[in-house]
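# Understanding the architecture of this molecule
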Amino acid sequence: MDQEIRDKYQAVIGLEVHIQLLTRSKLFAGDSNRFGDEPNTNVSIITLAHPGTLPKLNKRALELAIKMGLACHSTISQHMIFDRKNYFYPDLPKGYQLTQDSTPICVGGKIGIATHIGEREIELNRIHLEEDAGKSFHPHDASESLVDFNRAGTPLIELVTEPTLHQPEEAYQLLAEIRKMVRFLEICDGNMEQGSLRCDANVSVRPAGSMELGPKVEIKNMNSLRNVRRAISQEIERQISLVESGHAIASETRSFQEKTGGSVAMRTKEELNDYRYFPDPDLSPVEISDHWLQQIKESMPKLPHQLKTELQKDFGFSADDVEFLTESPEMYEYYTQTLEFVKDPVTALNWLKGPIRSYTKDANLTIADLLLSPMQVGELIALVEEGAISFSQAAQKLLPELLQQPHSKPRDIAASLGLLQIRDENILEETVVEILKAFPDKVESFKNGKKGLLGFFMGQLMQRTDGNVDPKLANELFSKYLN
Amino acid sequence: METLTSLREIQEAIRTGATSCTQVVTSCLDNIQKHQHLNAFLQVYKEEALAQAQQIDVKIAQGQAGRLAGMVVGLKDVLCYQDHPLQASSHILEGFQSQFSGTAVQKILDEDAIIIGRNNCDEFGMGSSNENSALGPVKNGIDPQRVPGGSSGGSAVAVQCGMCHAALGSDTGGSVRQPAAFTGVIGLKPTYSRISRHGLIAYASSFDTIGILTTNIYDNALLLEVIAGADQYDSTVSKTPVPHYYHQPGDSRTYRVGYIKDTLDNEILQDDVKHQTLERLEHLKQMGHQVEPVDFPLLDYVLPTYYILTTAEASSNLSRYDGVKYGSRSDHNGDLTSFYKQSRSSGFGKEVQKRIMLGTFVLSASYYDAYYTKAQKVRKLIKDKTRELFSEYDFIVLPTTPTTAFELGSFKDNPLEMYLADLFTVQASVSGIPAISIPNGNDQDGLPIGFQIMADDFNEQGLMAFAQNILNPSYN
């Protein structure tokens, strides 16, 4: 789209982020909250809404929701109820979803993101707790649909931003930050492909400078960060094109299409359900005591933005480097553990973002999948630091071999590969003397000023020692006999 | 053999060897057989009950029997009993078996009560005559042309005719008290939240209570004591300690008793009911109680409030019966919407459908504030005003029902008028307070009249004592 036309409009974007909580059991029932089990195996009579069953709130889910709220500087509601959202669908066993309409557990709040114009704080409207529905399947070749209730009743929080985002990139950054936060808080694995983190975007456009909001379109089913940015970007252009060509924008829900990056209409506003929200009379109101809230506050881990500030302050790392070290809690953890074995923080950083990152990237792994312990990495680095092996030998030969034998000690592997440098001065000295005796004419030439022959002597030394020589020591010995 | 009805008598007779649990169960089974035409039971667990009786006889001999040993109990078809059919007298749950026992059911089993079968009722507890059962109406044991009241009609008739000694029913707006009045037995609706609702099919969750039907106060008190109390499966249940109701009944204290004057002036009140109620009030005065008329100006609002809120909750509570997971499912050919429509239209009876639609209407976006929100506010007012009465009175009394048992089919053409049968019972339900119906003589046709006593929250103990005091002053 022509930038000139694009600039005539401002996009207004709000996100609704569904975060599946890492609890052991469901929000209102004791059955397991585990992804990937055989269909309909984690289904108690409460999950299946058998007659006579009542919900029972999972306190752990409350705690995780509160943690997210605290991380976002939200106001935590200490008195709240759950509401019923009524609609019929086969994967909704009770015929209503238990959610929080009138009293969300976290009110307001903000999340800081980095944008091209600097740090921005994105305001939140609310974070509320609710139960997920089951999953419906509509096989193309079958006359019947199938339902898996394993997911039914699993705990979610829904984070709703104010409509204050204007760029697809901001939405991307916000979602990336949220994903990091939930991982550092250990409340969700943040896996968008498996759907444990899901994002719907509300997008509208208006003439630049206008304060009025245009008709809102909701986009669903974007399964990666990149797709969220793509979908919003395309939606903005779609809406601007409509307006430019004199068409009205329908307020509707659209489904993202992975192949094209565009979306197709799912339902219009007129078809929306009347959800008939009302307070669930089967659950007593929930009270959160000051004491408990205080305990949760005290249990809060450090969040990525705090860790970044600390790393910058303590080690003077660049913005990119701290971003790299806080990209996941596993990475940060790995780094801090490595520091227990490596004195120099920069050396440790360089190993992680250098050889180790290129290995994990090639193997399509994350740091969490790495079979090497920080202690092994520490030993590897120590070998280089003490001069027993060169950096390039360590990175190119020792590391790959170590990854093949992850339970071995780096020093043992280096020895078995013959990579350890000869640091015994007596052995080295004998070899140096042998070489000089073998080439008396070249020694003569050197002494007469052909200093370049030092390279020749070093070459001979490397040949006789398979390269396992500390170059500095070798240099010193040659100097001793030649000068 | 003389029919023993109270557990005290039964246990005494078993102790002396005059009878046994097996004989007691057999006697109940005989009565069930004899009164089959009343349609009080949907299913009788004959072999099971006899087997249980034998075991309990052994336990009694060993001195290890529970407190309810010798008691035979019927369960309204809304109470979950593990591995037994459960269908709320509705087609929509045809073939369904409960996979668990509700808390109240488990507690009476743990005390060695014998469950003899499940009782017919109005579908999902919705009705005042037991004519809304998908499995046919229940008939009153006194006159089979008459209704037994509802919705716990089968339970009331079962107790009335000695088919069991006690029955657990449910009371959302009078469903235990009203049939108790129509059949001449005792019916208790305890304070809301006094008994766990775990294992009780929901009609209107913020009103539903399990209720107890018996022939005497002692049995009622003992059952309440056994089934009441905190429960990990119901977050709304009260943690208020359960007192020893059983040791308390019967005292000679004098009480401050208020009667709601408007209830006696109401034009729908049957003459005989009025007469008997006034007699009772006079009797109370003679006993030394202080009896005074009180005003309750919100009386006219109680029934509409009740119907708005209960139908709202019911419309949502009954959404789970959709033919997807269990129960009856229509042989559909069509899309999802028609699948739902067919399953629910053929599964639910007319009264249930009516209430679901009413409830859906009052919760719909355009009418929510006008009905649901307003009714919630009125409910609060009714609660507050009702509670205020107890700052001046120990008990509020009134007739349980405006009339005695009417004939089957009386309201066939005007079903809404039947709602008035609950006129006097809904106040306690809307307010959540405990209330009991006790027999208060008969009308000219020999039909039982009920006298209702309401007490403040969690004052079942006082309620029981006062009721016993009225029913059998000689016990003191």
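All residue numbers refer to positions counted from 1 along the written sequence of the respective chain. To read the labels, note that chains go from A and ligands from 1, taken in the order they are written. Side-chain atom pairs in this predicted model are given and counted only at pLDDT of 80 or more, local residue features only at pLDDT of at least 70, and totals for whole chains, interfaces and linings cover all residues. Note that water and hydrogens are dropped before the side-chain values are worked out from all heavy atoms of the structure.

## A word on the overall build of chain A
Short version of the rule: For helices the rule is a DSSP run of H or I covering at least 4 residues; for strands it is a run of E covering at least 2, with both sets numbered from the N terminus onward. For this measure, only C-alpha atoms enter the radius of gyration; the expected value for a globule follows 2.2 Å times N^0.38, where N is the number of residues. Contacts are assigned to residue pairs that have any heavy atoms within 4.5 Å of one another. Calculation of accessible area relied on Shrake-Rupley with a 1.4 Å probe; when residues are assessed, cover is drawn exclusively from the protein chains displayed. The sign given to each residue is positive for Lys and Arg and negative for Asp and Glu; His and the chain ends receive no count. Where a charge sits is defined by one atom per residue type, namely NZ (Lys), CZ (Arg), CG (Asp) or CD (Glu).
Helix and strand counts for chain A come out as 16 helices and 17 strands. Its C-alpha radius of gyration of 31 Å places chain A more than 25% over the 23 Å reference for a compact globule of 483 residues. Dimensions of chain A, computed from C-alpha atoms along their principal axes, come out at roughly 100 × 60 × 55 Å. Counting contacts in chain A only where the partners sit at least 6 residues apart, residues at least 24 apart contribute 69% of the total. Just so you have it, chain A exposes about 23300 Å², and 49% of that area is on carbon and sulfur atoms. Charge centroids of chain A, computed over 53 positive and 71 negative side chains, lie 2 Å from each other.

## Concerning the overall build of chain B
Quick reminder of the rule: Any residue under 20% of the maximum accessible area for its type is buried, any over 50% is exposed, and the rest in between are partly exposed; the area is computed with a 1.4 Å probe on protein chains only.
Broken down by element type, chain B carries 16 helices and eleven strands. The C-alpha radius of gyration computed for chain B amounts to 21 Å, which stays within 12% of the reference 23 Å derived for 476 residues, consistent with globular compactness. Projecting the C-alpha coordinates of chain B onto the three principal axes gives extents of approximately 65 × 55 × 45 Å. Within chain B, buried positions represent 62% of all 476 residues. Long-range pairs, those at least 24 residues apart, make up 75% of the contacts in chain B between residues at least 6 apart in sequence. Counting only carbon and sulfur atoms, one obtains 48% of the accessible surface of chain B, whose full area is about 17400 Å².

## Description of the interface of chain A and chain B
Just so we agree on the cut-off: Reported buried area values correspond to the accessible surface (1.4 Å probe) lost by two parts on association, with both partners' losses combined. Take a side-chain nitrogen of Lys or Arg and a carboxyl oxygen of Asp or Glu: if they are within 4 Å of each other, that pair is a salt bridge. By the criterion applied in these results, polar contacts are pairs of N or O atoms within 3.5 Å in which, for protein atoms, one can donate a hydrogen and the other can accept it, and in which residues neighboring in sequence qualify only through two side-chain atoms. Residues are grouped as follows: Ala, Val, Leu, Ile, Met, Phe, Trp, Tyr, Cys and Pro are nonpolar; Asp, Glu, Lys and Arg are charged; every other residue, Gly included, is polar.
Across the contact, 29 residues belong to chain A and 39 residues belong to chain B. Here chain A meets chain B over a buried area of about 2800 Å², counting both sides, of which 57% is carbon and sulfur. Our enumeration of links across chain A and chain B arrives at one salt bridge. One can count 16 residue pairs in polar contact (both at pLDDT 80 or more) joining chain A with chain B. Those elements that place two or more of their residues in the side of chain A that touches chain B are β4 (83-86) and β16 (278-279) of chain A. Grouping the constituent residues of the side of chain A that touches chain B by class yields 17 nonpolar, six polar and six charged.

## Topic: the nonpolar core
Generally speaking, a soluble globular protein has its nonpolar side chains buried in company with each other. We count it as follows: Here, nonpolar core means buried Ala, Val, Leu, Ile, Met, Phe, Trp, Tyr and Cys residues that are tied together by side-chain atoms lying within 4.5 Å of each other.
Counting 113 residues, the largest nonpolar core has B:Ile108, B:Phe124 and B:Ile453 as its most contacted members. Ignoring any residue separated from it by four or fewer positions in sequence, one finds B:Ile453 in contact with B:Phe395, B:Ile396, B:Val397, B:Pro434, B:Ala435, B:Ile436, B:Ile438, B:Leu463, B:Phe466, B:Ala467 and B:Ile470. Counting 103 residues, the second-largest nonpolar core is a separate cluster that includes A:Cys72, A:Leu185, A:Val228 and A:Leu399.

## Describing helix α15 (residues 453-464) of chain A
All names here are of chain A. Defined as follows: By this rule, a helix spans an expected 1.5 Å times one less than how many residues it contains. Directions from the helix axis toward the C-beta atoms define the arc.
For α15, which comprises twelve residues, the first-to-last C-alpha distance of 17 Å matches the rise-based estimate of 16 Å (1.5 Å per residue) to within 8%. Residues Leu453, Phe457, Met458, Gln460 and Leu461 constitute the buried set of α15. In an axial view of α15, the angular spread of the buried residues amounts to 155 degrees, which keeps them on one side of the axis. Looking at the buried side of α15, the elements it contacts are α13 (425-438), α14 (440-447) and α16 (471-482). One or two positions beyond α15, positive phi appears at Asp466, with a value near 55 degrees.

## Quick notes on empty space enclosed by the protein
To keep things clear, this is the line we draw: Only protein atoms enter the 1 Å grid, on which a cavity is a set of points fitting a 1.4 Å probe that cannot get out and a pocket is an open set with protein on both sides within 12 Å along at least 5 of 7 lines, lining residues being those with an atom within 4 Å of a point. Grid points are joined across faces, edges and corners, and a volume is the space filled by probe spheres set on the points.
Following the criterion strictly, the structure yields six cavities of 30 Å³ or more and no others. Each pocket or cavity is described by its volume, and for the largest cavity that value is around 180 Å³. Here the residues of the lining of the largest cavity sort into twelve nonpolar, three polar and six charged.

## Here we look at the side chain of A:Lys85
All names here are of chain A. Inspection of the secondary structure assignment puts Lys85 in strand β4. Salt bridges are absent for the buried Lys85, whose nearest opposite-charge side chain, Glu130, sits at 5.9 Å. Once you skip the residues sitting within four places of it in the chain, Lys85 turns out to touch Gly95, Tyr96, Gln97, Thr99, Tyr275 and Tyr277.

## Here we look at the domain arrangement of chain A
The criterion, for reference: In this entry, domain limits derive from an automatic or database-based domain assignment.
As assigned here, chain A comprises domain 1 (3-291), domain 2 (302-416) and domain 3 (425-482). Using only C-alpha atoms to locate each centre, domain 1 of chain A and domain 3 of chain A end up separated by 71 Å.

## Side note on the side chain of B:Thr183
Residue and element names in this part refer to chain B. Position of Thr183 among the secondary structure elements: in helix α6 (residues 177-183). We classify Thr183 as buried; its relative accessible area is 4%. Polar contacts involving the side chain of Thr183 include one to the main-chain carbonyl oxygen of Pro179, which spans 2.7 Å. The residues contacting Thr183, other than those within four sequence positions of it, are Asn140, Pro148, Ala156, Val157, Gln160 and Pro448.

## Some points on the layout of surface pockets
Residue and element names in this part refer to chain A. Each pocket or cavity is described by its volume, and for the second largest pocket that value is around 1400 Å³. Along its surface, the second largest pocket is lined by 47 residues, and Arg179, Lys180, Arg183, Glu327 and Ser328 are the ones closest to its centre. Contributing elements (two or more residues each) for the lining of the second largest pocket: β7 (110-115), β8 (118-131), α3 (168-184), α4 (225-244), α6 (304-315), α7 (319-325), α8 (329-338) and α9 (345-362). Residues belonging to the lining of the second largest pocket are distributed by class as follows: 19 nonpolar, nine polar and 19 charged. In this structure, the lining of the second largest pocket is formed jointly by two domains, domain 1 (3-291) and domain 2 (302-416), each of which donates at least three residues.

## A short note on the sheet that holds β4(A)
Residue and element names in this part refer to chain A. Filter applied, for reference: Two strands qualify as a pair provided that DSSP identifies no fewer than 2 bridges between them.
The three strands lie next to each other as β5-β4-β16, forming an open sheet whose pairing is antiparallel. Lying at the two open borders of the sheet, with one neighbouring strand each, are β5 (96-99) and β16. Two elements, β4 and β5, share four bridges in a ladder whose sense is antiparallel. The residue of β5 that forms the bridge with Asp83 is Thr99.

## Describing the packing of aromatic side chains
Threshold: Working definition: rings of Phe, Tyr and Trp (its six-membered ring) pair if their centres are within 6.5 Å, and the pair is stacked with planes under 30 degrees apart, edge-to-face with planes over 60 apart, and tilted otherwise. Here, a charge over a ring is recorded when the distance from Lys NZ or Arg CZ to the ring centre is within 6 Å and its angle to the ring normal is within 35 degrees.
Applying the stated criterion across every chain yields a total of 31 aromatic pairs over all chains. Judged by centre distance (6.5 Å) and plane angle (85 degrees), the ring pair of B:Tyr321 and B:Phe348 falls under edge-to-face. Within this pair, whereas B:Tyr321 is found in the loop between α10 (299-317) and α11 (336-347), its partner B:Phe348 is found in the loop between α11 and α12 (350-363), the two being separated by 27 residues in sequence. There is no split in this pair, since B:Tyr321 and B:Phe348 are both buried. Feature note: the residues A:Phe439, A:Phe446, A:Phe456, A:Phe457 and A:Phe478 constitute an aromatic cluster, connected by ring pairs. Cation over ring: A:Lys85 sits above A:Tyr275, and NZ or CZ is 4.3 Å from the ring centre.

## Points about the sheet that holds strand β3 (residues 114-119) of chain B
Residue and element names in this part refer to chain B. For the record, the criterion: The angle between two axes is taken between their N-to-C directions and runs from 0 to 180 degrees, where each axis is a line fitted to C-alpha atoms and a helix contributes only its stretch in contact.
Pairing in this open sheet of eleven strands is mixed, and the strands run β1-β3-β2-β4-β6-β5-β10-β11-β9-β7-β8 from one edge to the other. The sheet is open, and its two edges are formed by β1 (41-44) and β8 (290-294), each paired on a single side. Between one strand axis and the next, the sheet turns through 30 degrees on average, direction left out of account. Across three bridges, strand β5 (residues 186-189) lies against strand β6 (residues 209-214) in antiparallel orientation. Bridge assignment links Leu188 to a residue of β6, and that residue is Ile212. Across the sheet, helix α7 (residues 217-227) touches β4 (166-171), β5, β6 and β10 (435-442), and the angle it forms with β6 is around 150 degrees. Contacts from helix α16 (residues 460-471) reach β5, β7 (256-260), β9 (395-399), β10 and β11 (448-454) within the one sheet, and its direction differs from that of β10 by about 10 degrees.

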